[in-house]
Amino acid sequence: MASHKAVRQVIALVLLYCSLETQADRQPRHLPPEELTDAQVSHFHARRTRELKKLTEIEVVLAIRVPVAEVPPDFTDLLRHQLRNVSLPNTITKSVVATEVNLTTVCKPDTTGVHQCNCEERFGWSCDKCVTHDVCNSTVAETCGCINGLPYDGQFCEPITGLTLCQSSTTQTTPSATPTQTVTTMITPTTPTTTTTTTTTTTDPTISFSVLERNLEFSMDLEFNPSFNNPDHEMFKEIDAVIKVQSEMFISNLISAELKKLRSGSVIAEYIIRATSFEPGELASVENGISSQLGEKFNIITQSPTPLSFTPNQIFAGEAVTVTCGPPPDSLNFRENWTAEWKINEKPITVRHQAFKQNGQAKLTVTPAFLSDSGTYQCFLRDRTVFLQTGSLSVKPVPAIQVNPIRTNVKCEDGSTTRVLLQCSVQSPYRVQLKDGDEVLVQGSSSAAITHNYEITDCENQEKQIICEEQNNRKFKETITVDISPEAFTCLDDDEFGSGRVGDTAKAACKPDEEGEKTAVCEASGEWGDRQDSCILKVLLALLSESQFLDEIILSDFLGRLSNVTGNFTERIVESPANIGAIVKILEQVANVSRSSPINENQITDILTTVDVLVSDGAKESWDFLNANATRNSSAQRSASLEPLSASSALLLSLETVSNALSNDSFEIATPLILLNKTAITGSFSADLNSSVVIDVSVPGDPSSTITTITFASMDNVLPARNASNSTINTINGNVVLVNFKGSINNVSFSFDIINETLGNPQCVFWNFSLFNGLGGWDDEGCELVSNANETVTCNCNHLTSFSILMSAFIPKEIQAILAYITYIGVGISLGCLVICLIIEAIIWRKVCNNNTLRLYHVSIVNIAVCLLIADIWFIIAAAISSPNVENPPACRAATFFIHFFYLALFFWMLASALFVLYYSVHVFDGVVSEHAMAIGFSLGYGAPLIIAIITIAVTAPNNQYVQRTGVCWLNWDESKALLAFVIPALLIVVVNLFILVVVMCKIFSSRGTGNATSAHQNHVLLSIARNLVVLTPLFGTTWCLGIGTMISPRNEGIHIAFAVFNSLQGFFILVFATLLDKTSRSALVKTLSTVTSVTTSTNTGTTSSSGLGWRRGRDGYNVALGGPSSSSGASEF
């Protein structure tokens, strides 16, 4: 205890002498002996001064004598230890601070009583002391560390760097300036040789020392400023001074210490310490001292040697992970109110990350973790200083196990074995295995797919479930369901869904990079129907999950990844309604984030690049599917809610929301199908958008603000053309323009270029999200049509949102009334003429059908008249059930089918007539009518039209593209081109008929003057028939050519009138050219009427007339009067 007391008194004495404030007093002083028991102070002197900041540093040298007998042998070691643990700097008074205490010289008697004075490390005797006094080891070099006896002048050991060395002839090479190079020399004997690690050679005995360098650094949580590196900067000087002080305090063999530079990365201070040697723990003490002295002022960061802890150790995407940080080390003296800050990959945490304190540690939960959460995590614990702990997290992708089939039906027979091929796969580096209960059927040795032929021997109705699971992580698994039944299947061997009974549901797997399933239901027809495809790209599904936790911190990175995915998978996205629906949901989440965070130019560019893919022409069928399957209410009710129920409406609402959150910069962004313009305006705004829309806005009050416009060239692929009256007869016939302005606008004018010039009846509309209880539709409230001229429609609206124009197929208003009169009067005349024609044919039937040629011709005329009569009747029905202002009802399909069928039958019977004429022009003999020829005629006249009509409705009706959406019950043109199923056969028949008639007439004219009377008579009949067909065929052909003309040039009034006249008077043409102008028919009619006048009972005449219409099978063909006499010849001329 006495020794410890003496040591403490020595230290107290040192600090007391440091309290001398007179800087000029540099003479030795004597202290009263009572200041230290059993110790005397011989003298004191100031050695040197230097400037440190604004204070003067004075080195005070004290000589303290302690009786050896009263202290233990290790007193010197105890003194060294206590001096090293003195807390420095130590404030003595307001103006005196003790910054460093060093033990330099220890003199004590040896066993003979002679004092030996030894220098501590980093100190030595000057040359004159080594020469004047005996050196302890009898070696004199440039300096020495121990001398015998006390120096007579009271001097002590001095720092090695400031010693006066003995002169020598040593020549030494200057060491390299490389900061980490160390020059080392060895102590040599007195013989005149020297060995060193350099090329230096000397003939004098030398003694030297090693110089070691340590390059260190520490970080400060500050924003870097290049001016910090100025040596005169207060921060640079203060840090440099503290480094020197702490190094001198703890490095026992210090040579020098200095700050090298400050660099960015927060702020990183690089410094170097040079010493002859470093004791264990010295550098750590320096670092702790620097942190303690500068930590609170400069937020010095102390790096933890141990990484962050992650729980669980293995983390899969979608799972929760907890990160643990701390506790901070005791040496940093953190208080209880420290705070924690977390960063992931140098970015702040997001809303998915919950930070909290627990049991003196900082913790972070990530729920759920995504692949994007992988990276470096940093935990900053802040109090007086900053404690940093880092760690790396790797989130593994979930094993994407795929099985095929997902669910299948198997027919089993007793006594036989049925095998089902099962497949299971997973991505690398995972491996899977198939299990039936606890039995492992097959294991994969790599990440390749495994297959297994599963055998079924038990044919009882049952359900088998086979499990495919990841071998090392069995929580990841998929199930294959096998339905076993002995019953026969209705749906057989489909490539995707296999076989099944009526009502069975089968499931098929998606592609390897997709997630979801395909389902289908077996129908009574033997086909798998109600096919549903919910397969979504896995990369999109991951983005969809991540979008639920979006915030402004990760938004830019997220949108960039979304844009890349849509660009890389464009074709597969536009062909899949499920993929489009997923992207729309993602954009809805982006819009939600934009309500609280502005969207910059780069972000909106990524958004528009993504949307550009969705609105492309390739996506039209997918959008049609989404719109058709949206849940809707047929009423056009306006709702206060803006929550869209359809994907198309949701997409547009998301874009409107984002456009309202754009930053204040003015910019323009163009993609192939979208143009965004954000412009600062004052008072008014006028612009030509994409050369297709001109906008003119007047702002009341003349304020300064910005207006945003987004022009879509193909939004008609996305938005349906239904309006507030629930009519879908319209078409979006201009670009869609979204206009956003932060303020009120009472007047905005648009001029739209028309896309399809054949449409008319323009309506100025905006998209109303509240229509149809949130489904959305086009509304004209607040908008009015200004003009429609020069293929440009000008609209005026009193509000802002998304605008366009609706147009529909039309007939010029100037002639609508005229066409109506022509059509109804003409159809009435046509019906009357057809009835008269059939009556006449019934009256003259026995008279004219006295040979095969005339019989087949009149059979054709009767069937042509019947077909046209029935078609006109259905035309009247169709006109009664349709309206130009609403969508056609389901009954319109039936009317269209029969009109289509009977009009085609008319043309095919004309073809049959031409073929009959061609046949008999070659076979000029008059024989018994061929039953085969008549059968061919009816098969061609009704069979071919029926096949064409059935195929047309079967192909187009499931997609609601069979009939036109306009008020006319007729085949669709705009969407499915179903009208071609009538136009092409009709025009082909016209061409073929004309060709046949030319051939026949050439044949007839070439055979005149040759042959017998029978042949001449037959030619005369054929010529008469041919002339009738020559007139009727061009008339019918011209009629439908005019019909095509009304579609090509809908604004041409002449074509509309001509078509109405020809179309409504076709029955009149048949009566005139096929009956009244035919001499044979006229002659038979006159003779029959003459006979009637001579008969007293008119009832018999009516009966005979009636019986002519009722064909029945006789021995000679299809006519009862086939064998009756005929007084009329077949020769007739006009």
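See the structure printed just above.
Residues numbered from 1 in each chain as written. Predicted model: local features only at pLDDT ≥ 70, side-chain atom pairs only at ≥ 80, totals over all residues. Heavy atoms only, no water.

### As for the nonpolar core
Where we set the bar: Here, the term nonpolar core denotes a set of buried Ala, Val, Leu, Ile, Met, Phe, Trp, Tyr and Cys residues that are joined through side-chain atoms within 4.5 Å. Burial status follows relative accessibility: with a 1.4 Å probe on protein chains alone, a residue under 20% of its type maximum counts as buried, one over 50% as exposed, and anything between as partly exposed. Under the DSSP-based scheme used, a helix requires at least four consecutive residues in state H or I and a strand at least two consecutive residues in state E, with every element numbered from the N terminus. Any pair of residues with heavy atoms lying within 4.5 Å of one another is described as a contacting pair.
Of all hydrophobic cores here, the largest spans 63 residues; its most connected members are Tyr903, Leu906, Phe907, Trp970, Phe982 and Ile1070. Sorting the residues of this core by element identifies α14 (813-848), α15 (852-881), α16 (891-922), α17 (931-956), α18 (980-1006), α19 (1013-1048), α21 (1066-1076) and α22 (1079-1094) as the ones contributing at least two each. Examining the composition of this core, we find that 17 residues originate from one element, α16, more than from any other. Ignoring sequence-local partners within four residues, the contact set of Phe907 consists of Phe982, Ala986, Ile989, Val990, Phe1036 and Trp1040. Counting 62 residues, the second largest nonpolar core, distinct from the first, contains Leu555, Ala591, Val613 and Val615.

### A look at the pairing of strand β10 (residues 212-220)
The condition that has to hold: Any two strands with at least two DSSP bridges between them are considered paired.
Summarising the sheet, β10 and strand β12 (residues 267-275) pair through nine bridges and their orientation is antiparallel. Following the sheet pairing, Leu216 is matched in β12 by Tyr271. Across two bridges, the pairing between β10 and strand β13 (residues 300-303) is antiparallel. Bridging from a neighbouring strand, Ser219 pairs with Ile301 of β13.

### A look at helix α5 (residues 282-298)
Put simply, the test is: Multiplying 1.5 Å by the residue count of a helix minus one yields the expected span of that helix.
Over its 17 residues, α5 extends 23 Å from the first C-alpha to the last, a length consistent with the 24 Å expected when each residue adds 1.5 Å. Taken together, the buried positions of α5 are Glu282, Leu283, Val286, Gly289, Ile290, Ser291, Leu294, Gly295 and Phe298. In this fold, the buried residues of α5 make contact with β10, α4 (234-250), β12 and β13.

### Some thoughts on the state of the cysteines
Stated formally: Here, a disulfide means two cysteine sulfur atoms that sit within 2.5 Å of each other.
Taken as a whole and assessed by the stated rule, the structure comprises eleven disulfides. Residue pairing for Cys491: its cysteine sulfur links by disulfide to Cys522, the two sulfurs lying 2.1 Å apart. When the S-S torsion is 100°, as for the bridge of Cys491 with Cys522, the disulfide is right-handed. With Cys491 in strand β32 (residues 491-494) and Cys522 in strand β36 (residues 518-522), the pair connects residues that are 31 residues apart, well separated along the chain. Grouping residues by exposure puts Cys491 and Cys522 together as buried. At a sulfur-sulfur separation of 1.9 Å, the disulfide partner of Cys764 is Cys795. With the S-S dihedral at roughly -75°, the linkage between Cys764 and Cys795 falls on the left-handed side. With Cys764 in strand β47 (residues 759-768) and Cys795 in strand β50 (residues 792-797), this pair connects stretches of sequence that are 31 residues apart.

### Quick look at helix α12 (residues 647-659)
If you check α12, its first and last C-alpha atoms are 18 Å apart, about what 13 residues at 1.5 Å a residue would give, namely 18 Å. Judged by how many residues are buried, α12 sits mostly within the fold: 13 of 13 residues are covered.

### Things to note about the packing of aromatic side chains
Cut-off, in case you're wondering: Side-chain rings of Phe, Tyr and Trp, where Trp is taken by its six-membered ring, are said to pair if the distance between their centres is within 6.5 Å; with planes under 30 degrees apart they count as stacked, over 60 as edge-to-face, and otherwise as tilted. Here, over-ring charges are defined by two tests on the NZ atom of lysine or the CZ atom of arginine: distance to the ring centre within 6 Å, and angle to the ring normal within 35 degrees.
Summed over all chains, the structure comprises 23 aromatic pairs. In textbook terms, an aromatic cluster arises when at least three aromatic residues are bridged by ring pairs, as seen for Trp874, Phe897, Phe898, Phe901, Phe902, Trp909, Phe938 and Tyr942. Its guanidinium or amino end placed over the ring of Trp338, Lys357 lies 4.1 Å from that ring's centre, counting from NZ or CZ.

### Some details on the sheet that holds strand β26 (residues 418-425)
Quick reminder of the rule: Axis angles are defined between N-to-C directions and span 0 to 180 degrees, where every axis is a line fitted to C-alpha atoms and, for a helix, only to the segment in contact.
Ordered in space as β24-β26-β29, the three strands form an open sheet in which the pairing is antiparallel. The open sheet has two free edges, formed respectively by β24 (402-404) and β29 (450-456), since each of these has just one partner strand. Across the sheet, the axes of successive neighbouring strands diverge by a mean angle of 20°, strand direction being ignored. As paired strands, β26 and β29 are joined by seven bridges and run antiparallel to one another.

### Looking at the environment of Thr481
Mapping Thr481 onto the fold places it in strand β31 (residues 477-485). Measuring from C-alpha to C-alpha, the distance between Thr481 and Glu463 comes to 6.8 Å, with 18 residues separating the pair along the chain. With sequence-adjacent residues up to four places away left out, Thr481 is seen in contact with Ile406, Arg407, Thr408, Glu463, Lys464 and Gln465.

### Things to note about a nonpolar patch on the surface
Heads up, the condition is: Like charges within 9 Å and nonpolar side chains (Val, Leu, Ile, Met, Phe, Trp, Tyr) within 5 Å are joined into patches, using only residues over 30% in relative accessible area that form no salt bridge. Surface accessibility in these figures is a Shrake-Rupley result with a 1.4 Å probe; residues are shielded only by whichever protein chains are displayed. One speaks of a salt bridge when a side-chain nitrogen belonging to Lys or Arg is within 4 Å of a carboxyl oxygen belonging to Asp or Glu.
Nonpolar side chains collect at one region of the surface, where Tyr821, Ile825, Ile829 and Phe1068 lie side by side and expose about 420 Å² of accessible area between them. Among the elements that line the nonpolar patch, the one with the most residues is α14, at three residues. Topologically, Ile825 is positioned in helix α14.

### Examining unusual backbone geometry
Thr311 connects to Pro312 through a cis peptide bond whose omega is 0°. Among the structural elements, Pro312 can be located in the loop between β14 (309-311) and β15 (315-316). The residue after Gly326, namely Pro327, is reached through a cis peptide bond having omega 5°. Within the secondary structure layout, Pro327 lies in the loop between β16 (321-325) and β17 (339-344). Despite not being glycine, Glu791 has its phi angle at roughly 60°, a positive value. When you line up the elements, Glu791 lands in the loop between β49 (783-789) and β50. By relative accessible area, which is 45% here, Glu791 ends up partly exposed.

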